[in-house]
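Residue-level structural notes
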Amino acid sequence: MKHLIRKDFLKEGYVFATRAAEIARAAGGHTRPARLASNENPYPPSPKAVKAAADVLPPHANRYPDETNKEFIDALKKRHGDYRFVASVGMDGIIDTVIRTLIADGDQVAVATPTYSYYGLAVQAQGGTTVSVPRKADFSVDPEAFCRDAAGGTKLAFLCTPNNPTGGTTETPETIAAICENYEGILFLDCAYIEFDGTDYRPLMKRYRNLIIGRTMSKAYSLAGLRVGYAFVPEWYEPIYQRAATPPFTLNMVSQAAATAALRDTVHVKKIVSVVQEWRQRFIDECPYPVVPGGANFVMVDVAPP
Ligand SMILES: *Cc1c(COP(=O)(O)O)cnc(C)c1O
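Residues numbered from 1 in each chain as written. Predicted model: local features only at pLDDT ≥ 70, side-chain atom pairs only at ≥ 80, totals over all residues. Heavy atoms only, no water.

**With respect to the overall build of the protein**
Scanning the protein from N- to C-terminus turns up 10 helices and nine strands. The C-alpha atoms of the protein give 20 Å as radius of gyration, which agrees with the globular expectation for 306 residues (19 Å, within 12%). For the protein, buried positions account for 47% of its 306 residues. Contacts spanning at least 24 positions in sequence make up 71% of the contacts within the protein whose residues lie at least 6 apart. In the protein, which carries 34 positive and 33 negative side-chain charges, the distance between the mean positions of the two groups comes to 6 Å. (Helix = DSSP H or I, 4+ residues; strand = E, 2+ residues; numbered from the N terminus. Rg over C-alpha atoms; globule rule 2.2 N^0.38 Å. Buried < 20%, exposed > 50% of the residue type's maximum accessible area, 1.4 Å probe, protein only. Contact = heavy atoms within 4.5 Å. Lys, Arg positive; Asp, Glu negative; His and termini not counted. Charge placed at Lys NZ, Arg CZ, Asp CG, Glu CD.)

**Examining the environment of Tyr201**
Along the chain, Tyr201 falls in the loop between strand 5 (186-190) and strand 6 (211-216). You can call Tyr201 buried: its relative accessible area is 2%. Not counting chain neighbours up to four residues away, the residues in contact with Tyr201 comprise Thr161, Thr170, Glu171, Thr172, Pro173, Ile176, Leu189, Cys191, Ile194 and Ile213. Polar side-chain contacts of Tyr201 include one of 2.8 Å to the side chain of Thr161. Within the local environment of Tyr201, its side chain forms a polar contact with the backbone oxygen of Glu171, the two atoms lying 2.6 Å apart. (Polar contact = N/O pair within 3.5 Å; in protein donor to acceptor, adjacent residues only side chain to side chain.)

**Focus: the site of the ligand**
Contacts to the ligand come from 13 residues, most closely from Asp190, Tyr193, Thr216, Ser218 and Lys219. In this structure, an oxygen atom belonging to the ligand sits 2.7 Å away from a side-chain N or O atom of Arg227. Across the complex, the protein chains shield 94% of the 380 Å² of accessible surface that the ligand would expose by itself. Counting residues per element, the shell around the ligand draws most heavily on helix 4 (residues 90-102), at three residues. Here the shell around the ligand is built from residues that sort into five nonpolar, four polar and four charged. (Near = heavy atom within 4 Å. Areas by Shrake-Rupley, 256 points an atom, 1.4 Å probe, with all protein chains shown as cover. Nonpolar A, V, L, I, M, F, W, Y, C, P; charged D, E, K, R; others polar.)

**Considerations on the sheet that holds strand 5**
Strand order in the open sheet formed by seven strands is 1-7-6-5-4-2-3, with mixed pairing between adjacent strands. Two strands lie at the open edges of the sheet, namely strand 1 (84-88) and strand 3 (129-134), each paired on one side alone. For this sheet, the mean angle separating the axes of adjacent strands, direction not counted, is 25 degrees. With four bridges connecting them, strand 6 and strand 7 (residues 229-233) associate as antiparallel partners. Residue pairing in the sheet places Gly214 in a bridge with Ala231 of strand 7. Helix 4 rests against strand 1, strand 4 (154-160), strand 5, strand 6 and strand 7 of the sheet, and its axis sits at about 175 degrees to strand 5. (Pairing = 2+ DSSP bridges. Axes fitted to C-alpha atoms, helices over the stretch in contact; angles between N-to-C directions.)

**Some words on the pattern of salt bridges**
Evaluation of the coordinates by the stated rule reveals 12 salt bridges. Note that Arg227 and Asp92 form a salt bridge whose closest N and O atoms lie 3.7 Å from each other. Linking Arg227 in the loop between strand 6 and strand 7 with Asp92 in helix 4, this pair joins segments that are 135 residues apart in sequence. A residue is classified by how much of its surface remains accessible, and Asp92, at 22% relative accessible area, is partly exposed. Notably, a salt bridge pairs Asp107 with Lys155, separated by 3.2 Å at the nearest N-O pair. Within this pair, whereas Asp107 is found in the loop between helix 4 and strand 2 (108-113), its partner Lys155 is found in strand 4, the two being separated by 48 residues in sequence. Here the residues in one salt-bridge network are Arg84, Glu235 and Glu238, joined through shared partners. (Salt bridge = Lys/Arg side-chain N within 4 Å of Asp/Glu carboxyl O.)

**Here we look at the packing of helix 6 (residues 143-150) against helix 7 (residues 173-182)**
Interaxial distance between helix 6 and helix 7 falls to 9 Å at its minimum, and their mutual angle equals 30 degrees. Of the possible angle classes, the one that applies to helix 6 and helix 7 is roughly parallel. Two packed elements cross with a definite hand, and for helix 6 against helix 7 that hand is right-handed. Across the interface between the two elements, Pro143, Phe146 and Cys147 from helix 6 touch Thr175, Ala178, Ile179 and Asn182 from helix 7. Its residues assigned to classes, the contact of helix 6 with helix 7 shows five nonpolar, two polar and no charged. (Parallel < 35°, antiparallel > 145°, perpendicular 65-115°, else oblique. Left-handed = near helix turned anticlockwise from the far one by under 90°.)

**Here's the deal with helix 4**
With 13 residues, helix 4 extends 19 Å from end C-alpha to end C-alpha; this agrees with the ideal 18 Å at 1.5 Å per step. Burial within helix 4 is extensive, with 10 of its 13 residues counted as buried. (Expected span 1.5 Å × (residues − 1).)

**Side note on the packing of helix 4 against helix 5 (residues 118-125)**
For any two helices packed against each other, one specifies the crossing angle of their axes together with the interaxial distance. Helix 5 packs onto helix 4 with a crossing angle of 40 degrees between their chain directions and a minimal axis gap of 9 Å. Taken together, helix 4 and helix 5 sit at an angle that is classed as oblique. For helix 4 against helix 5, the interelement crossing comes out right-handed. Taking contact as the criterion, the partners of Asp92, Ile95, Asp96 and Ile99 in helix 4 are, on helix 5, Tyr118, Tyr119, Ala122 and Val123.

**A look at the environment of Arg264**
The topology assignment puts Arg264 in helix 9 (residues 253-264). Put simply, Arg264 and Leu76 are 188 residues apart on the chain and 8.8 Å apart in space, counted from C-alpha to C-alpha.

Here's what the structure looks like:
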């Protein structure tokens, strides 16, 4: 029956990191592995988030969740200011939905590489193709080269900052502004790790109609298991996104309750971020291999033999 299947789904899909328990089992149980490959937060989420998730479950599980994610979006407005937001099942859910609004068979998407592999897979699943826009030797992005390489027909571009997996590169708001000025498609700025860095791109949303900023509750907020992402979107684009957002991609009520409470608990996230920053610096200082210092909750280490 395989001839019926689209060829995009007959090749390799997203490669998930091996679970820590599986590594331990393979090693005969005599080890306590630390799973680093997914850049998860080793600390538990805010106790307020855990309580909010538990509280919502017994009384309301018989009803469908609020597809407008109103509670969470109101909390986002309180936290960030008067921007337009959309929320989904992880930032990955947003990436997928954004791609669906723009990309159909044969359309092209620019990706600043090397970077997060999911963009390419999601584009492929929609029948599009990716154009690789190589980063410079230090893994930063040259806005002029970016616009030149991304020009000529790409409708959408993905740029991750701080970049996964190179870590060391956080683009300045000026670089992002220069790209927004000169790129004719929509720029999706993936800020999965931005809380660990602190660079503020939010004001750019007021200036550019072709910028989407993706964020996640999976990393700094320790909610990877509940799958919550959100994005700042241009005003004109919000209703279009909402039209494309399908029921499986809205937040479930447990995720929404937890994410809302986590976002409100600014004391907790600040504490976690400062612990991660402190240990990042200790790791950089003491690592025996060359390290590319970076703004994420991970760093890139050069372990190649000299
Ligand atoms: C972790 C990660 C995401 C998405 O995370 P979700 O769990 O789907 O919110 C997106 N982009 C990058 C670069 C990531 O590392």
